[in-house]
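# Examining the three-dimensional arrangement
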2 protein chains.
Amino acid sequence: MKVLALTGGIGGAKLALGLAKVLAPDEVAFVVNTGDDFEHLGFHIAPDVDTLVYTLAGEANIDTGWGRQDESWHFMHAAEQFGLPTWFRLGDRDLALHVHRRQRLAEGATLTEVTRETCRRLGVAEPVLPMSNDPVRTRVLTPDGPLAFQHYFVRDRCEPAVTGFEFDGVEDAAINPEISALLAGTSGDGLRAIVICPSNPFVSVDPILALPGMRDMLRSAGVPIIAVSPIVGGRAIKGPTAKMMRELDIPAAAGAVARHYRDLITGFVLDECDASRESEVADLGLATTVTQTVMSNLDDRIALARDVLAFAGA
Amino acid sequence: MKVLALTGGIGGAKLALGLAKVLAPDEVAFVVNTGDDFEHLGFHIAPDVDTLVYTLAGEANIDTGWGRQDESWHFMHAAEQFGLPTWFRLGDRDLALHVHRRQRLAEGATLTEVTRETCRRLGVAEPVLPMSNDPVRTRVLTPDGPLAFQHYFVRDRCEPAVTGFEFDGVEDAAINPEISALLAGTSGDGLRAIVICPSNPFVSVDPILALPGMRDMLRSAGVPIIAVSPIVGGRAIKGPTAKMMRELDIPAAAGAVARHYRDLITGFVLDECDASRESEVADLGLATTVTQTVMSNLDDRIALARDVLAFAGA
């Protein structure tokens, strides 16, 4: 029986690593946002997929929060000399993953197939499933017009005010067939729970949920759907979630995240410092639990994974 | 008045550098073999063009004889982990040139345009002209079948015996229009001499000469055509020239190189240690000169360039 975990990049990947540590590789599968993907320098960049894969491989760069550990930047320095754009940094070792991916995509492999190969090469046994093999591109809407997600996120450092989001191509994107099979129960593996990791609801999880049929399939799986709040004490641990909520006139609070997911989830995990908000979430008709959700180290990740699984099983 | 120098990689690039040091940037142009080019890891690799450009830029890797100086190999090590072929080594800094080239070719730029941009970025003022913007691919014929040039040269370290050569695509390849214009006298620049650098006659110079119309255009330019022997004392300074000659049943001697070019050139430069062969070459109806052609350092390169220019002017 598998746990299916929906995740974006860094925040979600922390809980994903915890789940990978407490479950056997065939007891878990990860559904990863690809709305952040883009083409850059002729490479297919998949930030959330790569953050998760590097994290599970023990290869994540802890210092930067993205990219590969023990990284060097000789390519990047030389790229500057050639007038190539340098706002998105590709390390020398990280380039190998990208050259491999480009080669395989050019040969006709799907992003899922390439990701499986990447996992095998890096010793990751858990299934990492891009949400779709078709292109979906998140646009951040701002008063000055739409921005491609990485332009907003990396180039412009999340500075523009956000008025909304679009997921270009999502109407024509098919759910990754391996995810559909898991959700429909036709994969041979049963599901025991669905976990929405503490990722940004708007730009990490919503692109997954926006895939045609995804919400219905998740609900139809008939298992607990548990979301872990990415907002703790009114702040995001990392990234622009709280800033976005303020700009969207949504209170930057755990309860608002629960409301965001309320028509989908069955349970919600709040941090200890938001214990006073528990009844507010319960009033939405959701099961709740309160625990330490801030994951500073591997033990925290494992502890939260255990708590989430216990909550889902309760 | 320009000197047009035909060259391959390392040996030819040494004399090319000497010419660049004694001539103003508008007094010289380099015609470079692209028969060695190939697609690798999704990049367009142009070994002779790049060796020349890096040499002229003072960026050539002296230790390896190819690639860029101060190079690191983090990409390559990581590439191994992804099962990417590693027999052809691309350094981290060298990758920037290749990513730039791929980007620009994908945008529709010609190899000549990209090379001009590369030169500009690296501070090379002399025109570096790929022999053609169309693909020509040298195949080395062996008893076990044809080998793509880089498979023969790098992967198999020139070990297979050579029975001949083919230049795939050469019938349909047009001479680089900037070269045609120089040779036809329609570029606005006059020519004073054509120099065949001491490159491998079979795989560095013959692909250039095999372009439809090239031999006629060179002869019709009506200027001295001087070849510098790549064979000194029966040996090649670098590379498989002498080995190839033995396998092709051609004596590995300077005189045999002169005979190879005899229907094209007007003069031939022999090394001091081959002075005894001078009359043999003169008997072919060629002007001859004897000088030190082994270029161990920059002074040697400059001295040989001066000698060749003096010989061409005589």
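Residues numbered from 1 in each chain as written. Chains lettered and ligands numbered in written order. Predicted model: local features only at pLDDT ≥ 70, side-chain atom pairs only at ≥ 80, totals over all residues. Heavy atoms only, no water.

## As for the overall build of chain A
Of regular secondary structure, chain A possesses 13 helices and 14 strands. Relative to the compact-globule value of 20 Å for 314 residues, chain A shows a C-alpha radius of gyration of 19 Å, a close match. Across the 314 residues in chain A, those meeting the buried criterion constitute 58%. For chain A, the proportion of contacts with a sequence separation of at least 24, taken over those separated by at least 6, is 68%. A total accessible area of about 11,900 Å² is found for chain A, and carbon and sulfur atoms account for 48% of it. Averaged over its 28 positive side-chain charges, chain A has a centre that lies 2 Å from the centre of its 42 negative ones. (Helix = DSSP H or I, 4+ residues; strand = E, 2+ residues; numbered from the N terminus. Rg over C-alpha atoms; globule rule 2.2 N^0.38 Å. Buried < 20%, exposed > 50% of the residue type's maximum accessible area, 1.4 Å probe, protein only. Contact = heavy atoms within 4.5 Å. Areas by Shrake-Rupley, 256 points an atom, 1.4 Å probe, with all protein chains shown as cover. Lys, Arg positive; Asp, Glu negative; His and termini not counted. Charge placed at Lys NZ, Arg CZ, Asp CG, Glu CD.)

## Details of the pattern of salt bridges
Per the counting criterion, the structure on display carries 28 salt bridges over all chains. Here Arg 104 of chain B makes a salt bridge to Glu 117 of chain B, at a shortest N to O gap of 2.8 Å. With Arg 104 of chain B in helix α4 (residues 92-106) and Glu 117 of chain B in helix α5 (residues 111-122), the pair connects residues that are 13 residues apart, well separated along the chain. Among the residues examined, Arg 104 of chain B registers a relative accessible area of 21% and is labelled partly exposed. By relative accessible area, Glu 117 of chain B is classed as buried at 19%. Residues participating in the shared-partner salt-bridge network are Glu 59, Arg 68 and Arg 93 of chain A. (Salt bridge = Lys/Arg side-chain N within 4 Å of Asp/Glu carboxyl O.)

## Overview of the nonpolar core
Phe 30 and Phe 75 of chain A together with Phe 30, Phe 75 and Val 128 of chain B are the most contacted members of the largest nonpolar core, which has 104 residues in total. When neighbours within four sequence positions are excluded, Phe 75 of chain A is seen to be in contact with Leu 41, Leu 90, Asp 92 and Leu 95 of chain A together with Asp 92, Leu 95, Ala 96 and Val 99 of chain B. Formed by 54 residues, the second largest nonpolar core is a distinct cluster that contains Leu 6, Leu 218, Val 223 and Ala 256 of chain B. (Core = buried A, V, L, I, M, F, W, Y, C linked by side-chain atoms within 4.5 Å.)

## Topic: the sheet that holds strand β14 (residues 287-291) of chain B
Residues and elements named next belong to chain B. A sheet is described by the order of its strands in space; here seven strands give the open sequence β5-β2-β1-β9-β10-β13-β14, paired in parallel fashion. Sheet topology places β5 (128-130) and β14 at the edges, where each strand pairs with a single neighbour. This sheet shows a mean twist of 25° between the axes of neighbouring strands, independent of strand direction. With five bridges joining them, strand β1 (residues 2-7) and strand β2 (residues 28-32) adopt parallel strand pairing. Bridging across to β2, Leu 4 finds its partner in Ala 29. (Pairing = 2+ DSSP bridges. Axes fitted to C-alpha atoms, helices over the stretch in contact; angles between N-to-C directions.)

## Observations regarding the confidence of the model for chain A
If pLDDT is low for a region, its predicted coordinates should not be looked at in detail. Predicted confidence across chain A gives a mean pLDDT of 96, with 100% of residues reaching 70 or more. If you check the scores for this complex, the pTM reads 0.93 and the ipTM reads 0.91. (pLDDT = per-residue confidence, 0-100.)

## As for the pairing of strand β10 (residues 225-228) of chain A
All names here are of chain A. Where burial is concerned, the two faces of β10 agree: the one with Ile 225 and Ala 227 and the one with Ile 226 and Val 228 are both buried. With three bridges connecting them, strand β9 (residues 191-196) and β10 associate as parallel partners. Looking at the pairing, Val 195 lines up with Ile 226 of β10.

## A few points about the state of the cysteines
Taken as a whole and assessed by the stated rule, the structure comprises zero disulfides over all chains. No disulfide involves Cys 273 of chain A; its nearest neighbouring cysteine sulfur is the one of Cys 197 of chain A, lying 19 Å away. The class of Cys 273 of chain A is partly exposed, set by a relative accessible area of 46%. Not engaged in a disulfide, the cysteine Cys 119 of chain B finds its nearest cysteine sulfur in Cys 197 of chain B; these two sulfurs lie 15 Å apart. (Disulfide = S-S within 2.5 Å.)

## Thoughts on the sheet that holds strand β7 (residues 145-148) of chain A
All names here are of chain A. Ordered in space as β7-β6-β8, the three strands form an open sheet in which the pairing is antiparallel. Every interior strand has two partners, whereas the edge strands, β7 and β8 (164-168), have only one. For this sheet the average axis-to-axis angle between neighbouring strands, irrespective of direction, equals 30°. Inspection of the sheet shows strand β6 (residues 137-142) paired to β8 by five bridges, in the antiparallel sense. Within β8, the residue paired with Leu 141 across the bridge is Gly 164. On the sheet, helix α8 (residues 201-209) packs against β6 and β8 and is oriented at approximately 35° with respect to β8.

## Here we look at the interface of chain B and chain A
Every contact between the two is made by 25 residues of chain B and, on the other side, 25 residues of chain A. Here chain B and chain A share an interface that buries about 2,300 Å² over both sides, 67% of which is from carbon and sulfur atoms. Among the residues of chain B in contact with chain A, Gln 81, Phe 82 and Arg 121 of chain B are the three that bury the most area, contributing 29% of the side total. Between chain B and chain A we count eight residue pairs in polar contact (both at pLDDT 80 or more) in total. Ranked by residues supplied to the side of chain B that touches chain A, first place goes to α4 of chain B with nine residues. Its residues placed into classes, the side of chain B that touches chain A shows twelve nonpolar, eight polar and five charged. (Buried area = accessible area lost by both parts, 1.4 Å probe. Polar contact = N/O pair within 3.5 Å; in protein donor to acceptor, adjacent residues only side chain to side chain. Nonpolar A, V, L, I, M, F, W, Y, C, P; charged D, E, K, R; others polar.)

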